Amino acid sequence: MARLFGQDYLADDPAKEILSPQRCGTLLDAYPHAAGCQAASVAHHAQELVVNSLAMGVLGVAAAAVFWFARRGGRVHRFAVTPPPCQRWCFSPDCWSGSSGPAVRGPRHRCRTARTLRLSLRLTRCGSSFGPTTRLSSGGSAQGLPEGVAMRILLVGAGGVGNAIARIAATRGFITEMVIADYDETRARRVADSIDDDRYRGVRLDAGSVPDVVDLVAVTRADVLLNACDPRFVAPLFAAAEEAAVDYLDMAMSLSEPHPTDPYAQSGVKLGDLQFAAAQGWADRGRLALCGLGVEPGLSDIFARYAADELFATVADVGVRDGASLTVDGYDFAPTFSIWTTIEECLNPPVIWQRDRGWYTTEPFSEPEVFDFPDGIGPVECVNVEHEEVLLIPRWVDCSRVTFKYGLGEEFIGVLRTLHKLGLDSTRPVPVAGVAVPPRDVVAACLPDPAMLGERMRGKTCAGTWVRGIGRDPTSGAQTGPREVYLYHVVDNEQTMRDWGCQAVVWQTAINPVVGLELLATGAWSGAGVLGPEAFPAGPYLDLLADGYGSPWGLREM
């Protein structure tokens, strides 16, 4: 300190100490105007206090400036919070060694500064970069966004829906960075590389490993974990997001279990029960888990909220109805969505909600009805299917009854019944030539990947919500008498393949979480806890979907 501040900084001089002649002379040399030795000592300590205070203040301001620049993504960003893996040296033997190495390991497993010295001292340069970027893709636009809006997204799942999410998000300016993670690293990197946008990275991740997901959240400094995996991975990804204290969004909720003794009358473990059980903890931490924001559930729930807020004085029935005119050239049987998820939804006991009864179940494929879908799709027979809307809508929309019916067709229902009769819908592994294999996984492996069928698909798909009740005048708010409407969203496979390179069903699912993320990034939506899409105002969402993303929705009076 003496070298830093000069000879005026003279340490170890208590003001009332009896000083030696030599020390007294030193003090008087430093303070020639002092009346005596003790006065010089007092002056010295007063100046020492001032100098120390100034020094600490300067250092504090400098540290604050460094941290501010780091958080803003400046040149020192790589030293702030958790340094990106490619911007530091790793000492742990399990440090990621390159593009062909193991799954990314987070700060609890590597790069622990001094603590890593007791591990192997083999230096390995990390093999990818998560540094901040500012460049927008060629299709991106930040127009209309508040200044400073930015979001880092960890997208888990690089299948059909994950690929479509990445493509749609690349056209929006609110994305600072998107890390695409998948168990198949080649697939994750292929999706990222196909977009040609330096905001994107592809890495390997085991979505079933909570510690690995927590570590990757820390390494990427993600603002949101976006789950684009099938419903089997909801539980670990939801738990990892909770542990990592990061916001979470999914398109399907945690799996159900039928009632053990009365499965076709009483509900057992319902869809989303695992997540709703944790709602208070999420709310207490001020974190948001936005669940079920795809197309169904998701947009269908938002339609229900819009109808209750804008169109009806009293809502009686909310019936989600899904139908399509899609065909697949060259295949006798080729589902347009994950067969694993389709089997789960269609063969589990469907759930119905009634105000006077609560949630109850019925037989699969029960209560068939013909529903006339818009935009040329026409009449399709629909049946009861287990789906999240029935578990979500009654929590936030005041109504009397909620159902979900899916237009499957007799052939599709026949195949599903046969799979069930043969036990091929089971997820319980069975021994085959010394290997335990779940039969449902075998069925999925034998069928074509729905994401790869786009070139062979023809037709349209429709998702929508049929609402009945007492209407109201939009100006006066007065009741207008009985009313029923169908709010819907139709997507043409030819158009999505031409414009996006994605088949219609996965694209229609994928656009909705991207719209929701943008509303969260801009602050148009905000909340804490475990919430469904209908917990938020519907107007901003539907406006952004139609005007911002160019994907209009419709309303038909019934």
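Residues numbered from 1 in each chain as written. Predicted model: local features only at pLDDT ≥ 70, side-chain atom pairs only at ≥ 80, totals over all residues. Heavy atoms only, no water.

Colleague: Help me understand the state of the cysteines, please; the structure alone is not making it clear to me.
Modeller: Two cysteines whose sulfur atoms are joined by a covalent bond form what is called a disulfide. On inspection of all chains with the given rule, the structure shows 0 disulfides. No disulfide involves Cys 382; its sulfur sits 9.7 Å from that of Cys 462, the nearest cysteine. (Disulfide = S-S within 2.5 Å.)

Colleague: What is the right way to read the packing of aromatic side chains from this model?
Modeller: Given two aromatic rings, their pairing is described by the distance between the two centres and the angle made by the two planes. Under the counting rule described, the total for this entry stands at 15 aromatic pairs. Seen in terms of ring centroids, Phe 238 and Tyr 248 are 5.5 Å apart; in terms of plane orientation they differ by 85°. Their pairing is edge-to-face. Note that Phe 238 is positioned in helix H7 (residues 234-244) and Tyr 248 in strand S7 (residues 247-250), a separation of 10 residues in sequence. Accessibility assignment for this pair places Phe 238 and Tyr 248 in one class, buried. Taking the centre distance of 5.4 Å and the plane angle of 70° together, the rings of Tyr 306 and Trp 553 count as edge-to-face. Taken together, the positions of Tyr 306 in helix H10 (residues 299-311) and Trp 553 in the loop between helix H17 (538-548) and strand S22 (554-557) put the pair 247 residues apart, joining distant regions of the chain. Feature note: the residues Phe 371, Phe 373, Trp 466, Tyr 486 and Tyr 488 constitute an aromatic cluster, connected by ring pairs. Here the guanidinium or amino end of Arg 204 rests over the ring plane of Tyr 183, the centre of that ring lying 4.4 Å away. The ring of Trp 466 carries Arg 468 above its face, with NZ or CZ at 4.1 Å from the centroid. (Phe/Tyr/Trp six-rings, centres within 6.5 Å; stacked < 30°, edge-to-face > 60°. Helix = DSSP H or I, 4+ residues; strand = E, 2+ residues; numbered from the N terminus. Buried < 20%, exposed > 50% of the residue type's maximum accessible area, 1.4 Å probe, protein only. Lys NZ or Arg CZ within 6 Å of the ring centre and 35° of its normal.)

Colleague: I would appreciate a short explanation of the pattern of salt bridges in the present structure.
Modeller: Any two side chains of opposite charge can pair if their charged atoms end up close together. Taken as a whole, this structure holds 20 salt bridges when the rule is applied. Salt-bridge contacts for Arg 285 lead to Glu 242; the nearest nitrogen and oxygen are separated by 2.8 Å. Of this pair, Arg 285 sits in the loop between helix H9 (279-284) and strand S8 (288-290) while Glu 242 is found in helix H7, placing the two residues 43 residues apart along the sequence. Ionic pairing is found between Arg 458 and Asp 329, a salt bridge with its closest N-O pair at 3.2 Å. (Salt bridge = Lys/Arg side-chain N within 4 Å of Asp/Glu carboxyl O.)

Colleague: Teacher, can you tell me more about the pairing of strand S5 (residues 200-204) here?
Modeller: Side chains on a regular strand alternate between the two faces of the sheet. Burial analysis of S5 places 4 of its 5 residues in the buried class, the great majority of the element. This β-α-β element, strand S4 (residues 175-182) to helix H5 (residues 185-195) to S5, shows right-handed connectivity. (Right-handed = clockwise from strand over helix to strand, strands pointing away.)

Colleague: Got a minute to help me understand the nonpolar core in this structure?
Modeller: Across soluble globular proteins, nonpolar side chains show a tendency to be buried alongside one another. Residues Ile 165, Phe 174, Met 178, Ile 180, Tyr 200, Leu 408 and Tyr 541 are the most contacted members of the largest nonpolar core, which totals 92 residues. When residues no more than four places from it in sequence are discounted, the contact partners of Ile 180 are Leu 155, Ala 158, Ala 166, Ala 188, Val 191, Ala 192, Tyr 200, Arg 201, Gly 202 and Val 203. (Core = buried A, V, L, I, M, F, W, Y, C linked by side-chain atoms within 4.5 Å. Contact = heavy atoms within 4.5 Å.)

Colleague: Got a minute to help me understand the sheet that holds S7 in this structure?
Modeller: Judged by pairing direction, the sheet is parallel, and its 7 strands sit side by side in the order S5-S4-S3-S6-S7-S8-S21 without closing on themselves. Each end of this open sheet is capped by a strand with a single partner; those strands are S5 and strand S21 (529-531). The average angle at which neighbouring strand axes cross in this sheet is 20°, direction not considered. Across 5 bridges, S4 lies against S5 in parallel orientation. Its bridge partner being in S5, Ile 180 is matched across the sheet by Gly 202. (Pairing = 2+ DSSP bridges. Axes fitted to C-alpha atoms, helices over the stretch in contact; angles between N-to-C directions.)

Colleague: For this particular structure, what's the right way to read H10?
Modeller: Each turn of an α-helix holds 3.6 residues, which means side chains three or four residues apart point in the same direction. Relative to the 18 Å expected for 13 residues at 1.5 Å per residue, H10 spans 17 Å between its end C-alpha atoms, a close match to the ideal helical length. Taken across its 13 residues, H10 has 10 buried, putting it largely inside the fold. Among all positions in H10, only Leu 299, Ser 300, Asp 301, Ile 302, Phe 303, Ala 304, Arg 305, Tyr 306, Ala 307 and Leu 311 are buried. (Expected span 1.5 Å × (residues − 1).)

Colleague: Just to check I follow, could you spell out the pairing of strand S20 (residues 479-492) for this structure?
Modeller: Two elements, strand S19 (residues 460-472) and S20, share 13 bridges in a ladder whose sense is antiparallel. Across the sheet, the residue bridging to Thr 461 is Val 491, located in S20. Linking S19 to S20, which pair antiparallel, is a turn of 6 residues; within it Gly 477 sits at a positive phi near 80°. Direction of pairing for S20 relative to S22: antiparallel, over a ladder of 4 bridges. Paired with Tyr 488 across the two strands is Gly 554, which belongs to S22.

Colleague: I would appreciate a short explanation of the environment of Val 415 in the present structure.
Modeller: For Val 415, the location among the structural elements is in helix H13 (residues 410-422). The exposure class assigned to Val 415 is partly exposed, which follows from its relative accessible area of 25%.

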